[in-house]
Amino acid sequence: MTERHMQIGEVAERTGLSLRTIRHYEEVGLVIPSARSKGGFRLYTGTDVERLMVIRRMKPLGFSLEEMRDLLEITDRIAATDDPPAAEEKERLRERLDAYRKISEARCETLRARLEMAEDFAATLRRRLHATD
């Protein structure tokens, strides 16, 4: 069964990314449309959308385009079925993937702490505003 193709507008809607951002990710090689229509329109699959969602989730954690590319190459290689990695290579890939997991968790913790400070600041402002009533 052939996977359904979507044009870039539908992909933008599904991912919450702008058309410009999706095109930029294509230009830098993070995602490549699975096909082109006869009219030359980019066509994407559900797999392409999943890839864009990985990128979208990495962005707020401050990962660079190079880090995003590296992570995607790791996950692509681990998932390869036509030429699966040997056990030793797979273990190295899993170690690199785990390093990204640890970085992600540390960055999430930093963001949580910053959010807590921001919420505390907003609460302070609310209290001061109500104190002047």
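Residues numbered from 1 in each chain as written. Predicted model: local features only at pLDDT ≥ 70, side-chain atom pairs only at ≥ 80, totals over all residues. Heavy atoms only, no water.

Asks: If you had to explain the packing of aromatic side chains to someone new, which residues and values would you point to?
Replies: The tally for this structure, following the rule as stated, stands at 1 aromatic pair. The lysine or arginine in question, arginine 107, covers the ring of phenylalanine 63, its NZ or CZ lying 4.5 Å from the ring centre. (Phe/Tyr/Trp six-rings, centres within 6.5 Å; stacked < 30°, edge-to-face > 60°. Lys NZ or Arg CZ within 6 Å of the ring centre and 35° of its normal.)

Asks: So what's going on with helix H5 (residues 87–131)? Which residues, and what values?
Replies: An ideal rise of 1.5 Å per residue puts 66 Å on 45 residues; H5 measures up with 65 Å between its terminal C-alpha atoms. Along H5, the residues classified as buried are Leu93, Tyr100, Ala123 and Thr124. Buried-residue contacts for H5 involve helix H4 (65–79). (Helix = DSSP H or I, 4+ residues; strand = E, 2+ residues; numbered from the N terminus. Expected span 1.5 Å × (residues − 1). Buried < 20%, exposed > 50% of the residue type's maximum accessible area, 1.4 Å probe, protein only. Contact = heavy atoms within 4.5 Å.)

Asks: For the packing of H4 against H5, give the residues involved together with the corresponding values.
Replies: It is the contact of H4 with H5, at a shortest axis distance of 10 Å, that shows an interaxial angle of 140 degrees. By the criterion of interaxial angle, the relationship of H4 to H5 is oblique. Where H4 crosses over H5, the two elements pack in a sense that is left-handed. From H4, Glu67, Asp70, Leu71, Ile74, Thr75, Arg77 and Ile78 reach across to H5, where they touch Glu89, Lys90, Leu93, Arg94, Arg96, Leu97, Tyr100 and Arg107. By residue class, the composition of the contact of H4 with H5 is 6 nonpolar, 1 polar and 8 charged. (Axes fitted to C-alpha atoms, helices over the stretch in contact; angles between N-to-C directions. Parallel < 35°, antiparallel > 145°, perpendicular 65-115°, else oblique. Left-handed = near helix turned anticlockwise from the far one by under 90°. Nonpolar A, V, L, I, M, F, W, Y, C, P; charged D, E, K, R; others polar.)

Asks: How would you summarise the environment of glutamate 67 if you had to cite specific residues and measurements?
Replies: For glutamate 67, the location among the structural elements is in helix H4. According to the relative accessible area criterion, glutamate 67 is partly exposed, its value standing at 24%. C-alpha of glutamate 67 to C-alpha of tyrosine 100: the two residues are 33 residues apart in sequence and 9.0 Å apart in space. If we skip the residues at most four places from it in the chain, glutamate 67 touches Met58, Gly62, Tyr100 and Arg107. A distance of 2.8 Å separates a polar atom in the side chain of glutamate 67 from the backbone nitrogen of serine 64. (Polar contact = N/O pair within 3.5 Å; in protein donor to acceptor, adjacent residues only side chain to side chain.)

Asks: Provide a residue-level description of the side chain of glutamate 26, including the pertinent values.
Replies: With respect to the helices, strands and loops of the structure, glutamate 26 is situated in helix H2 (residues 19–27). Residue glutamate 26 is classed as buried on the basis of its relative accessible area, which comes to 17%. A polar contact is formed between the side chain of glutamate 26 and the side chain of arginine 36, at a distance of 3.2 Å. Sequence-distant contacts of glutamate 26, defined by excluding residues within four places in its chain, comprise Val31, Ile32, Pro33, Arg36, Arg42 and Tyr44.

Asks: Let's hear about the packing of helix H3 (residues 46–58) against H4: which residues, and what values?
Replies: In contact at an axis separation of 11 Å, H3 and H4 are set at 140 degrees when each is read in the N-to-C sense. Here H4 runs oblique to H3, going by the angle between their axes. Considering how the two elements wind past one another, H3 and H4 form a crossing that is right-handed. Between H3 and H4, the contacting residues are Arg51, Val54, Ile55 and Met58 on the first element and Glu67, Met68, Leu71, Leu72 and Asp76 on the second. Its residues placed into classes, the contact of H3 with H4 shows 6 nonpolar, no polar and 3 charged.

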